[in-house]
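Spelled out, the chains give:
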Amino acid sequence: MSLARVDEPTRRVLLASLGAAAFILSLGALDPLTRGAVDLPALMPPFGASTVIVFFAPDTAAGRAWNVVVGHLGSAMVATAVIMLLPQMSVVQQSSIAVAGAGVWMVLSKSVHPP
């Protein structure tokens with residue numbers, strides 16, 4: 001059942017809160033397991049923002065599964081490509097190119113999703 005179909009506001013907010021908390025707790029539990037494989041935290045700001053959108057505004061375009069999954073995965077691939085192809089650049093330069101590239105990716109794939 002989608003939260004978008006829950007009409008009663010108090011129930012919808014309660015369910016959204018529980019879902020968001022459970023998701024972030026799950027990421028927190030996975031964090032120690034992924035640290036050995038990659039040197040990046042599983043808990044990062046974009047996932048918090050995405051969780052709020054998905055659970056509290058599921059009826060918006062940004063809350064669609066396609067936008068969340070394809071937007072995040074494609075943006076991560078763009079950022080990885082920038083780091084691998086342009087290692088001599090500063091982090092600021094890499095970040096600016098990665099953000100611009102992620103934006104282009106999300107527009108082309110119709111998966112625009114903040115942040």
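Residues numbered from 1 in each chain as written. Predicted model: local features only at pLDDT ≥ 70, side-chain atom pairs only at ≥ 80, totals over all residues. Heavy atoms only, no water.

K.L.:
What is the right way to read a nonpolar patch on the surface from this model?
P.N.:
Side chains of Val-13, Val-52 and Phe-56 sit close together on the surface and give an oily, nonpolar patch of about 250 Å² of accessible area. For Phe-56, the location among the structural elements is in helix 2 (residues 45-56). (Patch = residues over 30% accessible without salt bridge, like charges linked within 9 Å, V, L, I, M, F, W, Y side chains within 5 Å. Areas by Shrake-Rupley, 256 points an atom, 1.4 Å probe, with all protein chains shown as cover. Salt bridge = Lys/Arg side-chain N within 4 Å of Asp/Glu carboxyl O. Helix = DSSP H or I, 4+ residues; strand = E, 2+ residues; numbered from the N terminus.)

K.L.:
Teacher, can you tell me more about the pattern of salt bridges here?
P.N.:
Opposite charge on two side chains lets them pair, provided their charged atoms get close. Inspection of the entire model under this criterion finds 1 salt bridge. The partner of Asp-59 in a salt bridge is Arg-12, with the nearest N and O atoms 3.4 Å apart. In this pair, Asp-59 is assigned in the loop between helix 2 and helix 3 (65-85) and Arg-12 in helix 1 (residues 9-34), connecting sequence segments 47 residues apart. Residue classification places Asp-59 among the exposed residues on the basis of a relative accessible area of 53%. Given a relative accessible area of 19%, Arg-12 falls into the buried group. (Buried < 20%, exposed > 50% of the residue type's maximum accessible area, 1.4 Å probe, protein only.)

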